[in-house]
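Structure assessment
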Amino acid sequence: MNKEIISIKNVKYSYETATVLRDVSFQVKKGEKVVILGVNGSGKSTLLKVLNGLIFPSEGEYLYKGERITEKKLKDRAFNKKFRKEVVLLFQSPDSMLFNPTVYDEIAFGLRQLGEDKKVIDEKVRYWADKMGIYRHLDRPPFNLSGGEKQKVCLASLLVLEPKVLLLDEPTSNLDPRSTGWFIDFLYELDKTVITTTHNLGLALEMGERGIVLSENHTVIYDGCLKKFLKDRDKLIEANLIHIHKHRHGKVEHSHYHTHLFFD
Amino acid sequence: MEKIKGLLYICGIFTFTFFHNIYLYILLIFFLFVLSGKEFIPIVKKTLFSITIFSSVVTASYVFINGFDWQYITLVNVRVFGITFMTFLFIKRVNLFKLFSFSENLMFIIVLSYSQILTFQKYLTDFRFALKSRTILKPDFSDRYNFFKRIVEFFMKSSLDRSKEINMAMKSRGFYTDE
């Protein structure tokens, strides 16, 4: 449980016109469930892409199990195979991940690439389809399913590889309330290192115990107990995660900051 | 200033289209290269990437039908390169919103098109990243085919859905009425 699996040190990342990550540093231990919070445009999705080795920091370094992840490192076939199998990313829009003709092929895609035996592939695909409740859709094209079902196909396609680290980019943004409930329960039971991004404060506590908060200035302004952060009004204002809300009590109107959060 | 740039662009298109002199084209392209400054390499790369398939098909078809006339083939390819390079440079250097600010309707169309381009650009990047993220070994031909087919289908359907949505939104905001 205590072994460090991910280490980000002073990472900076810029697109053509703007810097989206500034001096970002943190470590993640094996088995931890971390929630990355921040408003839209704070750099959450970019950070996950760095962690998945899709883009590379312009400054600073990213270490996975002590190995520095660079473009050159991922050109090493054996390492790339290990890394892509162990660190997987669920994209915000499931549509961007689905391209195989059937749900079965979609889930089997990664395993086929690994050169697994047909029988093993079949067993694993059926196991995960059953676990996700999408068994009846195995022969259907994934594109015509509902948002929640597409999300489940994507998750099955990633989990079938038995990854060590699961990166989830705003996983509940396309889900209806019932699917969101299912997803939270599923995440709770998942025995893996999970890093989830969200700006939904109401769900954040259900997704992990530790919070890393990115400001609008693209720096980390908090790293620690999520529950403590959600009670810290100054930090919430700094992250622009709460807003001033108007109220009426009879004829009296007043306004104050609101979080829409309930603690036990 | 934007209107002057727009006028120069139209003059450039006119020159590339109505004159059939390769030396004039080369002179004009050299002038465009100088104008592009630091953006020279990225724009050249983008231009070559955009015209390779089109130019190859046109050249091959011409050779197949009319035989190998190197002067004509060079002229056509240099012309295509010149127009494409000039267009990319124009888009980089000109604020289209200011250029079309004289007409409210044109501005609406530019804004809608621009927002569509940005959305689709994001989707395309996500598709590319998702494939890279899920690819353990180099994808084989059928995977590449499925991926390409899916992208084409997705953008066709999205374009249709979004244009219906935009059409209704424009109607709802009084841009036009059914008569």
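All of these numbers come straight from a predicted model, not from anything done at the bench.

**Structural notes on the interface of chain A and chain B**
Counting from both sides, the interface comprises 27 residues of chain A and, opposite them, 21 residues of chain B. Counting each side, the surface lost to burial between chain A and chain B is near 2,300 Å², with a carbon and sulfur contribution of 58%. It is Ser96(A), Phe99(A) and Gln113(A) that lose the most area in chain A upon contact with chain B, and together they represent 29% of the buried surface on that side. On the surface where chain A and chain B come into contact, there are three salt bridges. Between Asp95(A) and Arg150(B) there is a salt bridge, with the nearest N and O atoms lying 3.2 Å from each other. Summed over the shared surface of chain A and chain B, the number is 10 residue pairs in polar contact (both at pLDDT 80 or more). Breaking the side of chain A that touches chain B down by element, the ones donating at least two residues are helix H2 (77-86) and helix H3 (103-113) of chain A. Broken down by element, the side of chain A that touches chain B gets its largest block of residues, four residues, from H3(A). For the side of chain A that touches chain B, a count of residues per class yields 12 nonpolar, nine polar and six charged.

**A closer look at the packing of aromatic side chains**
Tallying each qualifying case throughout the model produces 26 aromatic pairs over all chains. On the basis of an interplanar angle of 15 degrees and a centroid distance of 6.1 Å, the ring pair of Phe79(A) and Phe83(A) is categorised as stacked. Within this pair, Phe79(A) and its partner Phe83(A) are both found in helix H2, separated by four residues, close to a single helical turn. Taking relative accessible area as the criterion, Phe79(A) reaches 7% and is therefore assigned buried. Phe83(A) sits in the buried class, given a relative accessible area of 1%. Between Phe33(B) and Phe85(B) the ring centres are 5.0 Å apart and the planes differ by 70 degrees, which places this aromatic pair in the edge-to-face class. Residue Phe33(B) is located in helix H2 (residues 22-36), and its partner Phe85(B) is located in helix H4 (residues 70-93); the two are separated by 52 residues in the primary sequence. The class of Phe85(B) is buried, set by a relative accessible area of 0%. By way of ring pairs, the aromatic residues Phe99(A), Phe109(A), Phe120(B), Tyr123(B), Phe127(B), Phe147(B), Phe154(B) and Phe155(B) are connected into one cluster. When the ring centre of Trp182(A) is taken as reference, the NZ or CZ atom of Lys152(A) above it lies at 4.6 Å.

**Topic: H2(B)**
Residues and elements named next belong to chain B. Between its first and last C-alpha, H2 extends 21 Å over 15 residues, near the 21 Å set by a 1.5 Å rise per residue. Burial in H2 covers these residues: Tyr25, Ile29, Leu32 and Ser36. Axial view of H2: buried residues confined to an arc of 60 degrees, hence all on one face. Turned more than 90 degrees away from the buried face of H2, the exposed residues are Tyr23, Leu27, Phe30 and Val34.

**So, the sheet that holds strand S8 (residues 193-198) of chain A**
Residues and elements named next belong to chain A. If you trace the six strands from one edge of the open sheet to the other, you get S6-S7-S8-S3-S9-S10, paired in mixed fashion. Edge strands, defined here as strands with exactly one partner in the open sheet, are strand S6 (87-90) and strand S10 (220-225). Within this sheet the neighbouring strands show an average axis-to-axis angle of 15 degrees, counted without direction. Sheet analysis places strand S3 (residues 33-37) next to strand S9 (residues 210-214), joined by four bridges and oriented parallel. By the bridge assignment for S9, Ile36 is matched with Ile212. Packing against the sheet, H2 makes contact with S6 and strand S7 (165-169), and its axis sits at approximately 50 degrees to S6.

**Concerning the pattern of salt bridges**
All names here are of chain A. With the rule as written, the count across this model stands at 22 salt bridges over all chains. Across the salt bridge formed by Asp95 and Lys150, the nearest N and O atoms sit 3.0 Å from each other. Of this pair, Asp95 sits in the loop between S6 and H3 while Lys150 is found in helix H5 (residues 147-159), placing the two residues 55 residues apart along the sequence. Lys150 matches Asp95 in its accessibility class, with the two residues each being buried. Each of Lys9, Glu61 and Arg68 takes part in a single network of salt bridges with overlapping partners.

**Let's talk about the environment of Ser158(B)**
Its place among the elements puts Ser158(B) in helix H7 (residues 141-172). Along the chain, Ser158(B) and Phe102(B) lie 56 residues apart, while their C-alpha atoms are 31 Å from each other.

Cut-offs applied
- Residues numbered from 1 in each chain as written.
- Chains lettered and ligands numbered in written order.
- Predicted model: local features only at pLDDT ≥ 70, side-chain atom pairs only at ≥ 80, totals over all residues.
- Heavy atoms only, no water.
- Contact = heavy atoms within 4.5 Å.
- Buried area = accessible area lost by both parts, 1.4 Å probe.
- Salt bridge = Lys/Arg side-chain N within 4 Å of Asp/Glu carboxyl O.
- Polar contact = N/O pair within 3.5 Å; in protein donor to acceptor, adjacent residues only side chain to side chain.
- Helix = DSSP H or I, 4+ residues; strand = E, 2+ residues; numbered from the N terminus.
- Nonpolar A, V, L, I, M, F, W, Y, C, P; charged D, E, K, R; others polar.
- Phe/Tyr/Trp six-rings, centres within 6.5 Å; stacked < 30°, edge-to-face > 60°.
- Buried < 20%, exposed > 50% of the residue type's maximum accessible area, 1.4 Å probe, protein only.
- Lys NZ or Arg CZ within 6 Å of the ring centre and 35° of its normal.
- Expected span 1.5 Å × (residues − 1).
- Arc of directions from axis to C-beta.
- Pairing = 2+ DSSP bridges.
- Axes fitted to C-alpha atoms, helices over the stretch in contact; angles between N-to-C directions.

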